[in-house]
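Observations on chain architecture
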2 protein chains.
Amino acid sequence: MSYPPQPASLSAGNAVYQLLKQQIVSLELPPGTALSEKEMSTAFQVSRTPVRESFVRLAQEGLLVVLPQRGTRVSLIDPELVEEARFMREQLERAVIRLACESFPDDKLEQLEDNLHRQHESIERHDGKEMFELDEAFHRILFEGCRKQGTWNVIQQMNAHLNRSRMLWLSLDPGWDSLARQHQEMVDAIRRKDSDYADNIMHEHLSLIISNLSVLQDRHPDYFK
Amino acid sequence: MSYPPQPASLSAGNAVYQLLKQQIVSLELPPGTALSEKEMSTAFQVSRTPVRESFVRLAQEGLLVVLPQRGTRVSLIDPELVEEARFMREQLERAVIRLACESFPDDKLEQLEDNLHRQHESIERHDGKEMFELDEAFHRILFEGCRKQGTWNVIQQMNAHLNRSRMLWLSLDPGWDSLARQHQEMVDAIRRKDSDYADNIMHEHLSLIISNLSVLQDRHPDYFK
DNA sequence: ACTACCATACTTGTATGGTAGTATGGTACT
DNA sequence: AGTACCATACTACCATACAAGTATGGTAGT
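Residues numbered from 1 in each chain as written. Chains lettered and ligands numbered in written order. Predicted model: local features only at pLDDT ≥ 70, side-chain atom pairs only at ≥ 80, totals over all residues. Heavy atoms only, no water.

It is worth spelling out the overall build of chain A at this point. When helices and strands are tallied, chain A shows 10 helices and three strands. Relative to the globule expectation of 17 Å for 225 residues, the C-alpha radius of gyration of chain A, 19 Å, shows essentially globular dimensions. In terms of its C-alpha atoms, chain A occupies a principal-axis envelope of roughly 55 × 40 × 35 Å. Within chain A, the fraction of its 225 residues that count as buried is 53%. Taking as baseline every contact in chain A between residues at least 6 positions apart, the subset at least 24 positions apart corresponds to 75%. In the structure as shown, chain A presents an accessible area of about 10300 Å², 48% of it carried by carbon and sulfur atoms. Computed over 26 positive and 35 negative side-chain charges, the inter-centroid distance for chain A is 7 Å. (Helix = DSSP H or I, 4+ residues; strand = E, 2+ residues; numbered from the N terminus. Rg over C-alpha atoms; globule rule 2.2 N^0.38 Å. Buried < 20%, exposed > 50% of the residue type's maximum accessible area, 1.4 Å probe, protein only. Contact = heavy atoms within 4.5 Å. Areas by Shrake-Rupley, 256 points an atom, 1.4 Å probe, with all protein chains shown as cover. Lys, Arg positive; Asp, Glu negative; His and termini not counted. Charge placed at Lys NZ, Arg CZ, Asp CG, Glu CD.)

Time to look at the sheet that holds strand β1 (residues 34-35) of chain B. Hydrogen bonds between backbone atoms are what pair the strands of a sheet, whose relative direction is either parallel or antiparallel. Residues and elements named next belong to chain B. Read from one edge of the open sheet, three strands run β1-β3-β2, paired in antiparallel fashion. If you trace the sheet from one side to the other, it starts and ends with β1 and β2 (64-67), each paired once. Across two bridges, the pairing between β1 and strand β3 (residues 71-74) is antiparallel. By the bridge assignment, A34 is partnered in β3 with R73. (Pairing = 2+ DSSP bridges.)

Turning our eyes to something else, we now look at the UniProt feature "domain: HTH gntR-type" (unreviewed entry) in chain A. Per the UniProt annotation, the sites labelled "domain: HTH gntR-type" (unreviewed entry) are residues 10-77 of chain A. What you have in residues 10-77 of chain A is 51% helix and 15% strand, and the ends, taken at the C-alpha atoms, are 29 Å apart. (UniProt positions renumbered as here; feature names shortened; annotations may be inferred.)

So, about the protein's contact with DNA strand C. By nearness alone, 22 residues border DNA strand C, and A12(A), S47(A), R48(A), R70(A) and R52(B) come closest of all. By atom count, sugar and phosphate contribute 61% of the portion of DNA strand C lying within 4 Å of the protein. The separation between a phosphate oxygen of DNA strand C and a polar main-chain atom of E37(B) is 3.2 Å. R52(B) is positioned such that a nitrogen or oxygen atom in its side chain is 2.4 Å from a phosphate oxygen of DNA strand C. Among the secondary structure elements, those contributing two or more residues to the surface near DNA strand C are α1 (12-25) and α3 (48-60) of chain A together with α3 (48-60), β2 and β3 of chain B. Among the elements that take part in the surface near DNA strand C, α3(A) stands out by supplying three residues, more than any other. Split by residue class, the surface near DNA strand C holds seven nonpolar, nine polar and six charged. (Near = heavy atom within 4 Å. Polar contact = N/O pair within 3.5 Å; in protein donor to acceptor, adjacent residues only side chain to side chain. Nonpolar A, V, L, I, M, F, W, Y, C, P; charged D, E, K, R; others polar.)

Next up, the structure:
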């Protein structure tokens, strides 16, 4: 395995961490993949120290499983964690969008509108990956607008597991149309300050988001715990 | 997936991590304290490597702030993060106790009762520290009973910030009586399967938990951001 | 007195050698 | 053939040395 030279904008350890995390969540490194400090250090052209640092951080997030003196593997997707992540997001996002209906800064509302615009463009181009990122950004902006940035950051930890499942789902039918339509309705509801309606939409939205986990388990049994 | 028979709690790195975290949350290492890898390595009689590992993990949790080539400090308590942690716990715990009112395993209910018993004992002995731990355990058992262990674990990350504030509060009036009474009412509500009542109690409970943050800020201005 | 400079003693970041535990494959023995 | 044993090649873990950036205090020059 070989990787391009590092961007080196940040420290080596940080760069390795971000690259590894991106590759794990995007399933370029599938669940169960065996890694090793030495292997990655040669691949990234750095020493074992920054690699080890990354391993520690990723293990803390549950994306790697380190077995002392035995090896390190990309963690299998735990269906219980996926459902918990969905549950967690539902509770917090429903509460947040209710806050948004009470007050929401104009600049953030513009960001949402701009995001919606680009969602439509991505769907027309059938660009699933970009739509995925726009979807994430949309929800992050919601939290930012309610000054719940820290909450969103913590959610990301669970979200890493949820997102690996959603990544699998990309090859099936992501149903971006309905999801984007719900995003639009959320923005409308925030403008109307219609808390109950927004809450309902968000409830449906986060039920749709990963409705068919068992299908994925059947198609990729070796990826799941 | 199979885990090693003994989790790496005996590894030097893990030991340092747990000790440091405990000392930070308990305020034995007050916010703003300057640390250094070298200093801690001599203190713990290990090399810099495991110490550095701990620093990386604690920095990821926001308990340490690492300034490259400059130094490392125990993070100041961020009032916004404290409020966010409270907000997050409120949303999730209200949802969880509603689940508990629908179904809750008997053995976990027994654990709650046992916990309540020991809460009363701790209060009589005026043992604030133990009461603090029992309080934490009580809520953890709630999550475990609803199979939301992973959610509780993620909450802990934000909770570290909230708990440092609560630790300051210990020297004032923690109001353990009211809190313990609310715990009792929660268990009763779960037995009666009275979701709405349980929800209300939890709502009040998590409002009480850190009602007077500004008082703490006045008493310890150097601890806060 | 004031300022620019610099040696020095810090700090974190990185590289590397060595240690101990583990999986594996081959071999001698039963 | 089957089994116990052992050399070997891994692994993560830890200690240590070095590199590079930064704060600090002293000093020489103005």
